[in-house]
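# Working through the structure, step by step
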Amino acid sequence: MKTTPLFVSTALLAAVGFVAVEWRSEIMGQVTGVHGKPAQSGLLALQPTPSAAPAPYSVPDNSQRPIEVAQLSNDLPAQQTAQVRTPQTNTAEQPAATTVPQVDESALRYFATQGDTARLNAEIARLKSLYPNWVPPENPLAVPPVGDPQLENMWKLYSESRYAEVRKAIVDRQQAEAGWQPPANLLEMLDMAEARIKLVNASNLKQYATVIEVAAANSGLLTCSEVDTLWRVAEAFAQTNRDSRARDAYMYVLTNCTQENERLATVQKAAALLPPAMTEELLAQEKTKADGTLEFEPVKNDLARQFVANGGTDAKLTVAPTYVSRLERLAETDGLASDDLLLGWYYIMRENVTDAEKWFRKAHDKENSASASQGLALALLARDKPQEAEEIMYEWRDASDDAHKTYLAATANLLALEPPVPLDAEVLKRIGEETVKAKDPVTAQEFGWYARAFQQPQLAIQWFTTALGWKADDEPSAYGLALTNYELANLPETRRIQQEWAGRSERIAQVGQVQAVNTAPRTVYTQAPSQVSTAQSPVDQQSATAIATRQPRAVAADRATSRQQRGCNLNSRPQNLSSQTALQQGWCLMEANRPAEALKAFESALRSDQSNIRSDAAYGQSLAYLRMGLTDNAAVSAAKGGMDKGKATELQVAILTDRALAAYRNGRYPEALIMLDQRSRFATERTDLMVIRGYSYLNMKRYADAIQIFESVAATGNRDAVLGLANARSARAAASGADY
C-alpha cells in the first residue's frame, strides 16, 4: 500500500537555518558590524578647558576611569595579573586637593600646533586619568615650547603613527647624547599606541586570548577615549563564551561614556553578540536626551529586526513580545518584504504555521523571491497544501539546495495525498523531469504508488525499479515492486525480489500469502480512460504524463494491511497507536532503513504527555531526517521534545557539519566558515573539516589565514593539507608578485 503523506513540512521548517543567515546581512545591513570603524577625529569631543559645556546626559564625571582590570585579570596567569593592576591611591599620603601636579604638557602644545584635535583630546583624557587634580591649560598653544628640534621631530613621527621610527630616533639620540632621556609621556604614549596595534591585529585575526591579555596589561586602553578597544575586548569575551564579561565591558561604556553615537553603536554591537536578556540589561541604561527623546530609539527598530531574525534561526530563543509587535507594526507601516520574511521565519520556527503563512504570503505578494517562495511553501506543506506549495516552488526549485529539497518534499507530499489527486499532464511532466534530474528515490517511489492508485501497474513498476536503481536498499520501493508484479501474475519476478530481500523484509516475504481486501470504493474520477504507458523508463516523457488521465475504478488491495515488519506493528496508522507503541514502531522502521515512514511514527510519539517519550521521539525524528539528507528538517526536530544535553549536542554537531559541507560544495565559503565556527563551540574540529576551512579561506583569497590552517594540519602529515598549503602559497605569490 502507498505510504501516507510524508508530512515533512513541519520538520522542513529548519530550512530557515541558513536562509535566515543570508538575509540577516541584507536585512540588518544598518546594524553596525562587530568591529566597526576606528574612532574618528573628535569622536569623544573632549574639551581642553574645565568650563566645557555639560554632556547631554546625567553621567557621572568619571568618563576617563578605566574599566576595572580585575575583570580581565581573572583570565590571566597569576604572575601576569600582578603586573597589570591599576595603581591604588592612598588618600592619607595625598597632598591637598589644591596641589598642582607636575605634568609634562609638551605633547599638548605639539598636537595643538599641528591642529591634530583627535590626538590633543586623547592626550588630555590620558593625563586626566593619570592626574585627577590636573587642570588642562585653557590654551594649549600657550604651553612653553620645548625648544628641542629633535624632540619636536619625534613628536611629529608619533603623530604620523611612525612608531618604529620614534623608537629608533630615541635610541640614536641616547647613543649620541649620554644621559639624555625622552619625556616620560612620550614613552607612555608609544607603549600605548603599540599595544593598541597589537590588540587590533589580534582582534582582526580572531586571536581572542591575545586581545584579553593585551587589554589586561594596558589599562590605559580601557577608557572612553578608546571605545573601539572596549568593543574589541567585549567581542573577545563573547566569542570565548564569557558573555557576562562581555556585558560588563559594554556596560562600562554605557555607564561612563557620553558620546551619543558611541553609545548607540555599543548597544548595536552587544545585540549582535549577547543573549537578548543581557542586551535588555544594557538597554536599561538608556538616557533621556535634552529634547525629551530616548537615546536608543533610533536603533530599536533595527534591534527588533535583529532579535526576530535570531529567533528565526533558533526555535528555543525567547524574543520579547514587544520586539515582535514592533516589527509587525513596522511591517504594516513600512511595507518592506524583508520585514515580512523575518516574521514568517520567526513564526514557522515556532510551528505557528497560520501566522507564518500570513507573513510569507505578504512577502511573496510584494516580492516573488526565492526566500519568500520557500517560506510560503514550507508553511503550506505544514498545513497539508502540497499542491500550492509545488506550484509556488517550481519557479525557484534551483535557487539553492534547500529550495530544491523543499520542492521535492512538495512533490512527494503531493503524490502521497490520500485520496490521490488527479494532476494536470504538465504538472506531472515537470515533477517527473525534476525527479529524474535529482535522482530522488522518495518521489520516484511515490510516483510508483501514485500509478498503482490509478491502475497503471506497468508504469508503477518502472518507477519502483527506477527508485531502486537510485537507492538499492529502498525497501518500500522493493515492496511496491514485488506487490505489483504479483498482482500482474509475474510470479518469477516476485520470487526473485523475495529471494533478494530474504531476511531483510518480512512483508516482502509475505507477498502472495495474505491479501486483505478493502471493499470500500475509492473516489471515482470521470475522465476518459487511457492506455497504460509502455515507456521503458521514467526518463521517457510519457512516463511522467501517462497518469494524467484516469479511468473509474474501485480500490483493490489495501496496501496498509499487508505492511508487516518483524517486531513492528504496521497494521495501524501511527496516529492510532499509543505514544509508546508509536515510538517503538519508529525505531523498528529505522532499523529497517525506512526513515520516511519512521518520521510519522516519531511525530505521533511527540504528542505524548511523558517527557522521556517526547525526548526520544524528537531524537529519532532528527536521525531519520539526517538519514534522508534533510539537514534543516533535522534541526527543527532537534528543538522538539526537550531532549537531554548529550543527544542535543550530538545532533547539533551533525547538523552543523552537514551544513558546512553543503555550503562549501556550493561555493558559499563565508557561510561554510560560519557553520564551522558554530560547530567548534560544541566539538573539536576534525582534521578534514580544518582542510575545508583552509580551502574556504583560499577561495576567499584570505591567503594568510589559509596558509596558517594548512600549515597546522600539514604538520600531522595530512596529504590534503600539504597540497592545500602549496596551493595557498602559490596563489599568494601570484597575487602579490612575490616568490614563496
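Residues numbered from 1 in each chain as written. Predicted model: local features only at pLDDT ≥ 70, side-chain atom pairs only at ≥ 80, totals over all residues. Heavy atoms only, no water.

## Digging into the overall build of the chain
What the chain contains, in helices and strands, is 36 helices and zero strands. Taking all 740 residues of the chain together, the buried fraction comes to 50%. When contacts within the chain are restricted to residue pairs at least 6 apart in sequence, those whose partners lie at least 24 apart make up 66%. (Helix = DSSP H or I, 4+ residues; strand = E, 2+ residues; numbered from the N terminus. Buried < 20%, exposed > 50% of the residue type's maximum accessible area, 1.4 Å probe, protein only. Contact = heavy atoms within 4.5 Å.)

## Describing the side chain of Thr443
Mapped onto the elements, Thr443 comes out in helix α22 (residues 441-453). Among the polar contacts made by the side chain of Thr443, one reaches the side chain of Asp440 at a distance of 2.5 Å. Look past the residues within four positions of Thr443 in its chain and what remains in contact with it is Leu408, Thr411, Ala412, Leu415, Ile431 and Thr435. (Polar contact = N/O pair within 3.5 Å; in protein donor to acceptor, adjacent residues only side chain to side chain.)

## Quick look at the side chain of Thr229
When you line up the elements, Thr229 lands in helix α10 (residues 227-239). Relative accessible area serves as the criterion here: at 2%, Thr229 is assigned to the buried category. Residues in contact with Thr229, not counting those within four places in the same chain, are Arg196, Leu199, Leu221 and Leu222.

## Some thoughts on the nonpolar core
Membership of the largest hydrophobic core comes to 108 residues, with the highest contact counts inside it found for Tyr250, Leu274, Val308, Leu343 and Phe360. Once residues within four sequence positions are removed from consideration, Leu274 is found in contact with Ala238, Asp243, Ala246, Arg247, Tyr250, Thr279 and Leu282. Counting residues in each nonpolar core, the second largest holds 23 residues, with Leu120, Ile124, Trp134 and Ala169 among its members. (Core = buried A, V, L, I, M, F, W, Y, C linked by side-chain atoms within 4.5 Å.)

## Some details on the state of the cysteines
Under the definition given, this model contains one disulfide. The disulfide partner of Cys224 is Cys257, and the gap between their sulfur atoms is 1.8 Å. As the torsion about the S-S bond is roughly -90 degrees, the Cys224-Cys257 disulfide counts as left-handed. Of this pair, Cys224 sits in the loop between α9 (208-217) and α10 while Cys257 sits in the loop between α11 (243-256) and α12 (260-273), placing them 33 residues apart in sequence. For the pair Cys224 and Cys257, one class covers both residues: buried. (Disulfide = S-S within 2.5 Å.)

## Side note on helix α23 (residues 457-470)
For α23, built from 14 residues, the straight-helix expectation of 20 Å at 1.5 Å per residue is met to within 8% by its first-to-last C-alpha distance of 20 Å. Within the span of α23, buried status applies to Leu459, Ala460, Ile461, Gln462, Trp463, Phe464, Thr466, Ala467 and Leu468. (Expected span 1.5 Å × (residues − 1).)

## Comments concerning helix α18 (residues 370-382)
Taking 1.5 Å as the rise per residue, α18 with 13 residues should run 18 Å; its terminal C-alpha atoms sit 18 Å apart, in good agreement. The buried fraction of α18 is high, at eleven of 13 residues. Listed as buried for α18 are Ser371, Ala372, Ser373, Gln374, Gly375, Leu376, Ala377, Leu378, Ala379, Leu380 and Leu381. One or two positions beyond α18, positive phi appears at Asp384, with a value near 60 degrees.

## Section: the environment of Ala598
Tracing the backbone through its elements, the reader meets Ala598 in helix α29 (residues 595-605). Accessibility expressed as a relative area gives 0% for Ala598, which makes it buried. With 16 residues separating them along the chain, Ala598 and Ala582 place their C-alpha atoms 9.1 Å apart. Those residues in contact with Ala598, other than ones at most four positions away along the chain, are Gly586, Leu589 and Met590.

## Things to note about the pattern of salt bridges
A complete count under the given rule lists 41 salt bridges for this structure. The partner of Glu332 in a salt bridge is Lys362, and the shortest N-O contact between them spans 3.9 Å. One end of the pair, Glu332, is in helix α15 (residues 321-334); the other, Lys362, is in helix α17 (residues 353-366), and 30 residues separate them in sequence. When the shortest N-O distance is used, the salt bridge between Asp398 and Lys437 registers 3.5 Å. Note that Asp398 is positioned in the loop between α19 (386-394) and α20 (401-415) and Lys437 in helix α21 (residues 425-438), a separation of 39 residues in sequence. Judged by its relative accessible area of 48%, Lys437 is partly exposed. (Salt bridge = Lys/Arg side-chain N within 4 Å of Asp/Glu carboxyl O.)

## Concerning the environment of Ala467
Within the secondary structure, Ala467 is located in helix α23. Relative accessible area serves as the criterion here: at 0%, Ala467 is assigned to the buried category. Dropping the residues within four chain positions of it, Ala467 is found in contact with Pro441, Ala444, Gln445, Asp474 and Ser477.

## What to know about the packing of α21 against α22
It is at 10 Å that the axes of α21 and α22 come closest, and there the two elements cross at 140 degrees. Classified by the interaxial angle, the pair formed by α21 and α22 is oblique. The interaxial crossing formed by α21 with α22 has left-handed handedness. Residues Leu428, Ile431, Gly432 and Thr435 of α21 touch α22, and the partners they reach there are Thr443, Ala444, Phe447 and Tyr450. The residue inventory of the contact of α21 with α22, partitioned by class, reads five nonpolar, three polar and no charged. (Axes fitted to C-alpha atoms, helices over the stretch in contact; angles between N-to-C directions. Parallel < 35°, antiparallel > 145°, perpendicular 65-115°, else oblique. Left-handed = near helix turned anticlockwise from the far one by under 90°. Nonpolar A, V, L, I, M, F, W, Y, C, P; charged D, E, K, R; others polar.)

## Thoughts on the packing of helix α7 (residues 163-176) against helix α8 (residues 184-204)
Two numbers describe a pair of packed helices, the interaxial angle and the distance between the axes. Two elements in contact, α7 and α8, have axes separated by 10 Å at closest approach and are oriented at 145 degrees. Once α7 is placed against α8, the crossing between them reads as left-handed. Contacts between α7 and α8 pair Tyr163, Val166, Arg167 and Ile170 from the former with Leu186, Leu187, Leu190, Asp191, Ala193, Glu194 and Ile197 from the latter. For the contact of α7 with α8, a count of residues per class yields eight nonpolar, no polar and three charged.

## Quick notes on the packing of aromatic side chains
Taken as a whole and judged by the stated rule, the model has 14 aromatic pairs. Ring geometry for Trp155 versus Tyr158: centroids 6.1 Å apart, planes at 85 degrees, classification edge-to-face. Highlighted residues: Trp155 and Tyr158, both in helix α6 (residues 149-159), separated by three residues, approximately one helical turn. Here Trp155 matches Tyr158 in class, with each residue buried. Through a chain of ring-to-ring contacts, the aromatic side chains of Trp155, Tyr158 and Tyr163 assemble into a single cluster. Here the guanidinium or amino end of Lys362 rests over the ring plane of Trp359, the centre of that ring lying 5.6 Å away. Just above the ring of Tyr394 sits the side chain of Arg430; from NZ or CZ to the centre is 4.6 Å. (Phe/Tyr/Trp six-rings, centres within 6.5 Å; stacked < 30°, edge-to-face > 60°. Lys NZ or Arg CZ within 6 Å of the ring centre and 35° of its normal.)

## Some details on unusual backbone geometry
Look at the link from Glu418 to Pro419: it is a cis peptide, with omega at -5 degrees. Considering the arrangement of structural elements, one finds Pro419 in the loop between α20 and α21. Not every positive phi belongs to a glycine, and Glu351 is a case in point at roughly 60 degrees. Counting through the fold element by element, Glu351 comes out in the loop between α16 (337-349) and α17. In this structure, Ala489 is a non-glycine residue whose phi angle is positive, near 65 degrees. Structurally, Ala489 can be placed in the loop between α24 (475-487) and α25 (491-500).

## Here's the deal with the confidence of the model for the chain
Any residue range with low pLDDT should be treated as having predicted coordinates unsuitable for detailed reading. Taken over all residues, the pLDDT of the chain has a mean of 76, while the share at 70 or more is 75%. Taken as a whole, residues 1-65 scores under 50 in pLDDT and shows 185 contacts with residues more than four places along the chain or in a different chain. Note on residues 514-567: pLDDT is under 50 here. Beyond four places in sequence and across chains, it has 140 contacts. (pLDDT = per-residue confidence, 0-100.)

## Notes on the environment of Asp474
The topology assignment puts Asp474 in the loop between α23 and α24. Each C-alpha atom, one on Asp474 and one on Pro595, is 9.9 Å from the other, the two residues being 121 residues apart in sequence. Those residues in contact with Asp474 that sit more than four places away from it in its chain are Pro441, Gln445, Ala467, Leu468 and Trp501.

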